[in-house]
Amino acid sequence: MLRGWQVGRVLSCVTAAGPSAGGGRRPVQEETVSPARDELSPRRRQILAAATTVLAQQGNRGLTHRAVDREAGLSEGSTSAYFRTRDALLRALGDVVADRLAEDVAALGARLASCPGDHERAVAEVSRLLARWLGEPDLLAARLELTVAATRDAHLADRFTEWRDDLVRTVQGVLEAADEDGGASAETLVAALDGVLLASLLLPQRRRRAFVGASVEQLLTGLGPDPNPSPAQT
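As the structure is a prediction and not an experimental result, all values here were calculated from the model.

Participant: How would you summarise the overall build of the protein if you had to cite specific residues and measurements?
Facilitator: Assigned secondary structure in the protein consists of 10 helices and 0 strands. Counting from the amino terminus, helix and strand elements in the protein follow one another as α-α-α-α-α-α-α-α-α-α. Long-range pairs, those at least 24 residues apart, make up 66% of the contacts in the protein between residues at least 6 apart in sequence. Working note: accessible area of the protein is about 11900 Å², and carbon and sulfur atoms make up 51% of it.

Now the structure itself:
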C-alpha cells in the first residue's frame, strides 16, 4: 500500500481551502494541475493513498468516494469534498502514479548514463527498478487499472504516455550503447518488460522477484552483444 508519506514524495496539488479575502473559507477546487507542481495537503495525500489501495484491490468500478472514505478511515463525504467528481479523483490518482513512475525512470536513466556500454550494469539496474515496483503490488495493480482507463480518458493517456516514452528512450540508449538497433527494439523490449512485471502478479509472492530478475536478464542479454562470439562472427 502506498502510505501517505510515500505519496507525498512525488505528488502535490492545490492545498485544501483556506481563508478568503472576506474572511470566509474558499470553496475547494477540483485540481487540473499536475500533482508534481504544487504541494499536497496531508489530507489529500491520505485520500490518494487510500484511493490507490481501493483501485488496486477493487478495480476501476470499485473506486468510489465512499469506498475511499472507508479505506482512509474518514467520515463519509470527505473524499468528495476534495475531489468532487469521480473523474477528478481518478485523474488525480493517475497523476500520482504517473509522477511516481516518471521519477523512477528518470533515476534509472541517470544511473545508466554513468556507465554507458556496461551491459551487466544495465541488466542489474533495470532488474532493481522492476523489483522495486514489484515490492509495491498495489501500485502495480493501480497502474494496470489506470492504463485501461487511459484508453477512454485523454488526460490519463497523456500522463501515462509521457513516462513510458521516457522509459523507451532510456532503453533505446542502452541498446545503442550495446551496438544494437534502438528504435522499434526499444518499444518491443519495454512492452515485454511490462508484460513480465504484470505477469508476476499472478505468481505466488515467493516466486515473483526471481521470475522478474531472470526474465530481465534473459531479455536484455538476448538483445545485448554476445560475450563469446563464434569464430565466424569475429
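Participant: An account of helix H3 (residues 65-72) is needed here, citing residue identities and associated values.
Facilitator: Among all positions of H3, only His65, Ala67, Val68, Asp69 and Ala72 are buried. At its buried positions, H3 is contacted by helix H2 (42-62), helix H4 (78-82) and helix H5 (86-113).

Participant: Any details on helix H6 (residues 119-134)? Residues and values, ideally.
Facilitator: The periodicity of an α-helix, 3.6 residues per turn, causes residues three or four positions apart to be oriented the same way. In a regular helix each residue adds 1.5 Å, so 16 residues correspond to 22 Å; H6 covers 22 Å between its end C-alpha atoms and thus fits that length. Where H6 starts, the residue carrying a side-chain oxygen 3.4 Å from the main-chain nitrogen of glutamate 120 turns out to be aspartate 118.

Participant: Account for the nonpolar core, with residues named and values stated.
Facilitator: Formed by 56 residues in total, the largest nonpolar core has its most connected members in Leu63 and Trp133. For this core, the element with the most residues is H5, which contributes 12 residues.

Participant: Tell me about the side chain of aspartate 69, residues and numbers included.
Facilitator: Position of aspartate 69 among the secondary structure elements: in helix H3. It turns out aspartate 69 is buried and unbridged, and the closest side chain with the opposite charge, arginine 66, is 6.8 Å from it. Discounting residues that sit within four places of it in the chain, aspartate 69 has contacts with Leu74, Ser75, Glu76, Gly77, Ser78 and Thr79.

Participant: Residues and numbers for the pattern of salt bridges, please.
Facilitator: One pass over the structure, following the stated rule, counts 14 salt bridges. Between arginine 91 and aspartate 153 there is a salt bridge, with its nearest N and O atoms 3.1 Å apart. Linking arginine 91 in helix H5 with aspartate 153 in the loop between helix H7 (137-150) and helix H8 (154-177), this pair joins segments that are 62 residues apart in sequence. Taking relative accessible area as the criterion, arginine 91 reaches 37% and is therefore assigned partly exposed. Put simply, aspartate 104 and arginine 100 hold a salt bridge, and the shortest N to O gap is 2.9 Å. Taken as a pair, aspartate 104 and arginine 100 lie in helix H5 at a separation of 4 residues, close to a single helical turn. Classification of aspartate 104 as buried rests on a relative accessible area of 2%. Judged by its relative accessible area of 5%, arginine 100 falls in the buried class. Within this structure, Asp95, Asp99, Arg159 and Glu162 form a network of salt bridges that share partners.

Conventions and cut-offs
Residues numbered from 1 in each chain as written. Predicted model: local features only at pLDDT ≥ 70, side-chain atom pairs only at ≥ 80, totals over all residues. Heavy atoms only, no water. Helix = DSSP H or I, 4+ residues; strand = E, 2+ residues; numbered from the N terminus. Contact = heavy atoms within 4.5 Å. Areas by Shrake-Rupley, 256 points an atom, 1.4 Å probe, with all protein chains shown as cover. Buried < 20%, exposed > 50% of the residue type's maximum accessible area, 1.4 Å probe, protein only. Expected span 1.5 Å × (residues − 1). Polar contact = N/O pair within 3.5 Å; in protein donor to acceptor, adjacent residues only side chain to side chain. Core = buried A, V, L, I, M, F, W, Y, C linked by side-chain atoms within 4.5 Å. Lys, Arg positive; Asp, Glu negative; His and termini not counted. Salt bridge = Lys/Arg side-chain N within 4 Å of Asp/Glu carboxyl O.

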